[in-house]
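# Structural overview for review
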Amino acid sequence: MPIFSIQHLQKLPAQLTIIYCCVLYAGAAIAADHKLMHSHVAMGNGPIERVELVDPTQRYDHFVLGDRFEAAGFKVHYTDGATDIYRLPRNQVFEDRVPRLFDFTGDGREELVLVVSQIDKGASLAIFDLAPSSISLLAQTPFIGQPYRWLNPAGIADFDADGQFEIALVSKPHLAKELQLWRYVQGKLTLVSKHAGYSNHKLGSHEQRLSAVIDVNQDGILDLILPSANRSSLRFLSFANGFEELKHVDLAAEIAGPLGVETEGLTVPLRDGSVQKIKLQTD
């Protein structure tokens, strides 16, 4: 769009000047909470209707998710019609495309889980309290400690049946490829365990949803399904008795995602354009 000075506007007819100024104002208003490209909307229950990532910014030039923009904020839509926007400090971004809603506190109002990256420290996992008019950071893992280092969440559940919720994530899915399990208890996230050899993201891809949470062996405890380090097989993992690989299934090609869970089993979109079907039962 051409840049107009005050002198330019003074030379325009009065009606055109009014129209042009209105367009500029409308554009600024839209940009203030514009939804991040290629991002998803989290649909809630109870008082939260939905949450979306907003305020695209280029202040962190990592581009791990394939775009040259990250979100500087998120917008909450409440079921009573109210809205609220939370914005990060200028040295941080939401390096994420998938907002996740989950009720960690059991109060009937879901919290929000997102990847927060700091320009000089890399990524961390954060949980936000979405109380109307007072959105706040509830809990957060330490930043990885180095810029351009990222993590991708894999699932949320009570994976070990201890009555507390855990978040599974893959730290540095393109480098270290380390599965980590973090437990949430009373406003804190504590590292439970680490396991090498997993990757739930391909560098430069928009798709983060390469995992699933389901009770694979029908023991009443939710398990995690996650790709191997080269994303050419799926690992069925249980944390019920420490850590156990229930089984693994080789894929015909690298997983592209998103991994789908259906009544009869899994649907796995592959990078060669095909879709592989997998039964959930363990051997």
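Everything below is about the structure printed above this text.
Quick look at the structure, then. (Residues numbered from 1 in each chain as written. Predicted model: local features only at pLDDT ≥ 70, side-chain atom pairs only at ≥ 80, totals over all residues. Heavy atoms only, no water.)

## Digging into the overall build of the protein chain
Regarding its fold elements, the protein chain presents two helices and 20 strands. Counting the 283 residues in the protein chain, one finds 48% classified as buried. For the protein chain, long-range pairs separated by at least 24 residues make up 46% of all intrachain contacts whose partners lie at least 6 apart in sequence. Surface exposure of the protein chain reaches about 13600 Å², of which carbon and sulfur atoms provide 53%. (Helix = DSSP H or I, 4+ residues; strand = E, 2+ residues; numbered from the N terminus. Buried < 20%, exposed > 50% of the residue type's maximum accessible area, 1.4 Å probe, protein only. Contact = heavy atoms within 4.5 Å. Areas by Shrake-Rupley, 256 points an atom, 1.4 Å probe, with all protein chains shown as cover.)

## Quick word on the sheet that holds strand β12 (residues 178-185)
With antiparallel pairing, the four strands of this open sheet are ordered in space as β10-β11-β12-β13. Edge positions in the sheet fall to β10 (151-157) and β13 (188-196), since each of these pairs with one other strand and no more. Neighbour to neighbour, the strand axes of the sheet diverge by 25° on average, direction disregarded. Sheet topology note: the β12/β13 ladder contains eight bridges and is antiparallel. The partner of E178 across the bridge, within β13, is A196. (Pairing = 2+ DSSP bridges. Axes fitted to C-alpha atoms, helices over the stretch in contact; angles between N-to-C directions.)

So far we have only geometry, and geometry alone does not tell us how the molecule works.
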